[in-house]
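# Descriptive structure summary
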Amino acid sequence: MTAAQLFDLSGQVALVTGASSGLGARFAEVLAENGAAVVLVARRADRLGALKTRIDKSGGRAVAVEADVRDHAAMLRAFDAAERAFGAVTILVNNAGVAHSGRAIELSEEEWRRVLSTNLDAVFYWAQEAARRMLAAGKHGAIVNIASVLGLNVDKGVAAYATAKAGVIQLTKALALELAFKGIRVNAIAPGWIITDINRDYLTGDGAAMKRQIPMGRFGGDSDLDGPLLLLVSDAGRYMTGATIVADGGQLVALRV
Ligand SMILES: NC(=O)c1ccc[n+]([C@@H]2O[C@H](COP(=O)([O-])OP(=O)(O)OC[C@H]3O[C@@H](n4cnc5c(N)ncnc54)[C@H](OP(=O)(O)O)[C@@H]3O)[C@@H](O)[C@H]2O)c1
């Protein structure tokens, strides 16, 4: 088997949450370029529609489904729509997420719930539903949860985000353990700073100096995660489960004083 064949996703159906911008949009395009039919999920339907058009024009196959990942009924509708369009979902990229900043002592209950319900609760429910349907359809599959280096280490002002992402890493291991024997692999990617809508204003403004904390000397671009994603969803990663791939330019291993 050649390397290209190892990463070939022909016949796979990939559902990407948070596909309307940033990493999720890029993930969807990369999965489509490598042969998967893709299901684009987010709240901003106009952006999903534009991405679907782009993917269709470049020879891929996509459907767009407007859904809030915190809405259980909308989740079921998204999986149903995927099945109607392409058949059972075999790849789930649990990518939708929100950020916040503010000291823990000032964090409101509403903000805590907004971050935890989007970044952790929804990751569990979508993975659970994907796995249930893969098993019902007799399919093997791959689930990739998008965590963060802030799930492995922490900084000031991100208590809810860091707690949710640490939960995602632990959840990835728990699901991997229960699903391994059934042919469903569950892994995570923990990115460092990647410039997207979630942080562009900060990283190109007040936070620009943080580049100095990154051993590689630059923030990431969304294409820097193409390789980790393709490894985890394809046959190339067939003996991997429960893993978290850190892609951060060396940020996590650098000693900060
Ligand atoms: N960029 C980084 O430096 C970085 C680093 C580590 C981890 N991450 C993680 O990577 C993931 C993607 O982030 P990004 O950088 O690409 O940010 P982004 O450009 O802001 O994208 C976030 C995506 O999540 C979707 N989303 C948010 N809340 C949602 C909800 N309730 N229901 C459905 N979709 C929702 C948004 O779509 P709608 O608003 O249209 O719903 C959007 O498509 C997140 O989990 C983030 O925590 C990012």
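These lines cover the structure that appears in this document, whether it is placed above or below.

Regular strands have side chains that alternate between both faces of the sheet. Of all six residues making up strand β2 (residues 37-42), six are buried, and the element is well covered by its neighbours. A two-sided burial pattern is seen for β2, the buried positions comprising A37, V39 and V41 on one face and V38, L40 and A42 on the other. Relative to β2, strand β1 (residues 13-17) is paired through five bridges, and the arrangement is parallel. Note on β2: the bridge partner recorded for A14 is V38. Crossover handedness for the path β1 to helix α2 (residues 22-33) to β2: right-handed.

So, about the side chain of S117. Mapped onto the secondary structure, S117 falls in helix α5 (residues 109-136). Among the polar contacts listed, one links the side chain of S117 to the backbone oxygen of R113, at a separation of 2.6 Å. Within polar-contact distance, the side chain of S117 engages the backbone oxygen of R114 at 3.3 Å. Those residues in contact with S117, other than ones at most four positions away along the chain, are R70 and A122.

Running from amino to carboxyl end, α2 crosses helix α8 (residues 226-233) at an angle of 55°, the nearest separation of the two axes being 10 Å. With respect to α8, the element α2 is oriented oblique. In terms of crossing hand, the pair formed by α2 and α8 is right-handed. Counting all contacts with α2, which are made through R26, F27, V30 and L31, the residues of α8 involved are D226, L229, L230 and V233.

Looking at where D71 falls in the secondary structure, it is placed in the loop between β3 (61-66) and α4 (72-86). When the C-alpha positions of D71 and G249 are compared, they lie 35 Å apart, and in sequence the two are 178 residues distant.

Thresholds applied
Residues numbered from 1 in each chain as written. Predicted model: local features only at pLDDT ≥ 70, side-chain atom pairs only at ≥ 80, totals over all residues. Heavy atoms only, no water. Buried < 20%, exposed > 50% of the residue type's maximum accessible area, 1.4 Å probe, protein only. Helix = DSSP H or I, 4+ residues; strand = E, 2+ residues; numbered from the N terminus. Pairing = 2+ DSSP bridges. Right-handed = clockwise from strand over helix to strand, strands pointing away. Polar contact = N/O pair within 3.5 Å; in protein donor to acceptor, adjacent residues only side chain to side chain. Contact = heavy atoms within 4.5 Å. Axes fitted to C-alpha atoms, helices over the stretch in contact; angles between N-to-C directions. Parallel < 35°, antiparallel > 145°, perpendicular 65-115°, else oblique. Left-handed = near helix turned anticlockwise from the far one by under 90°.

Limitation: the analysis is restricted to geometry and does not speak to function.
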